[in-house]
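Chain by chain, the residues:
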Amino acid sequence: MTTVSRHDHFPRRDERRRDCIRRAASCLDARWRTADGLPGGLRVAMAAVADEPPAAALAALAPWLADTGWLSRRLGEAVAQLAAEPFASPPLRPVGGGEGAGGLLLAEQAAVRLTLRIQGFERHERPSATARFVPGAAAIRFLATGGASIRRHHVAVSAAEEAGAFTAAAAAACQSEAARPLVDGESLFLDTARESFTLADASGDILFLELAVQPPSPLPVRAYDVASGRLVHLASARRDASFRQMGLAVLRAFGRRDAAPLFAAEIESGDFAARWAAMRELVALDPAAAMPHLARMAAADPHPEIRRAATATLALYSPAPACGRGAGEAHAALDRSARRARI
């Protein structure tokens, strides 16, 4: 017998009410999509600059940040729907969360994304210890600062590194400015491959619009320790590679050795960060199946630091361990070899 919680008021047995909830969300979504697809609409404006350089795309879309009347109307419609039906589901897609600012995806077209982000106030919260740099550009308008201060960070990136010759060993250190008060309505325009920021000292929630253009790039996403300026983490800048990496991590966690061909396929990726991430997961999942791929990577990978990491990992796993070795132990060993190889 199923026991229904007294706190569970969702109308599971009221099909008519649930149908009304679905239809209301669908109608609102259709109205917004129609408006965005008309001449002068947001989706049309994004599509028109989808192939433009990031800076040019931001300049063309700047009016959507400067005048937020359209956003106020859209949020007002969503709030009205919730006021009429507490279990309503307005067509607003949540994004982010975790250590970063969460929020709502307002529009997306190819490499262009517009999001409304909120960084919730937490008393005694420590400032972020890392600054993150993502290939592309962003325009940001702060709608509410919560009394926060902003600290900007900069890192040099050469044209050769941006074109695919990036190595952790040769990476420039991150330089950080002094913190200063953030101003309501302030706007930032960032070359996000080279510029970043962190927020601190807030006494309330921080709300901002972020218009980002992040085309696929051979330059990885990089995280730097703010205190030392040292590079601490690399990841693929390609969203499709990131999604595949998450999928491989799930397969590894569930011990799906039958999925080894999927790991092997990603090891052939043209993105060096994606190749190494897939190799780490495959070694943790099934070291015996990984060894031939790891040996080829050590001998012939086009990226010098991947070759060094693979060589160091081969030394750790020679002779190959039994497949029963724990994934946690395998990942720890891979992290050690990656640090030694400086990736």
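Predicted model only: the values in this text are computed from it and were never measured.

Draft legend 1. The arrangement of the sheet that holds strand β12 (residues 221–225) in detail. Pairing is antiparallel in the open sheet, where three strands are placed in the order β4-β12-β13. Each of the sheet's edge strands pairs with one partner strand only, and the pair in question is β4 (130–133) and β13 (231–235). In this sheet, neighbouring strand axes are inclined to one another by 20° on average, regardless of whether the strands run parallel or antiparallel. With four bridges connecting them, β12 and β13 associate as antiparallel partners. From the neighbouring strand, Ala223 faces β13, where its bridge partner is His233.

Draft legend 2. Spatial organisation of the nonpolar core. Membership of the largest hydrophobic core comes to 35 residues, with the highest contact counts inside it found for Phe166, Tyr224, Leu231, Trp276, Met279, Leu282 and Met297. For this core, the secondary structure elements donating two or more residues are β4, β13, α8 (260–267), α9 (272–285), α10 (287–300) and α11 (304–316). Sort the elements by how many residues they give to this core and α9 lands first, with seven residues. Contacts of Met297, omitting those with residues within four sequence positions, involve Ile267, Arg275, Trp276, Met279, Ile306, Arg307 and Ala310.

Draft legend 3. Looking closely at the pattern of salt bridges. Scanning the model with the defined rule gives 22 salt bridges in all. Across the pair Asp29 and Arg33 runs a salt bridge, and its minimum N-O distance is 3.0 Å. A residue pair is termed a helical-turn pair when its members lie 3 or 4 positions apart in one helix, as Asp29 and Arg33 do in helix α1 (residues 15–37) at four residues. By relative accessible area, which is 25% here, Asp29 ends up partly exposed. Under the relative-accessibility criterion, Arg33 is labelled exposed at 52%. For the salt bridge of Asp240 with Arg238, the shortest nitrogen-to-oxygen distance reads 3.2 Å. In this structure, a network of salt bridges that share partners links the residues Glu15, Arg18, Asp19, Arg22 and Arg23.

The rules behind these values
Residues numbered from 1 in each chain as written. Predicted model: local features only at pLDDT ≥ 70, side-chain atom pairs only at ≥ 80, totals over all residues. Heavy atoms only, no water. Pairing = 2+ DSSP bridges. Helix = DSSP H or I, 4+ residues; strand = E, 2+ residues; numbered from the N terminus. Axes fitted to C-alpha atoms, helices over the stretch in contact; angles between N-to-C directions. Core = buried A, V, L, I, M, F, W, Y, C linked by side-chain atoms within 4.5 Å. Buried < 20%, exposed > 50% of the residue type's maximum accessible area, 1.4 Å probe, protein only. Contact = heavy atoms within 4.5 Å. Salt bridge = Lys/Arg side-chain N within 4 Å of Asp/Glu carboxyl O.

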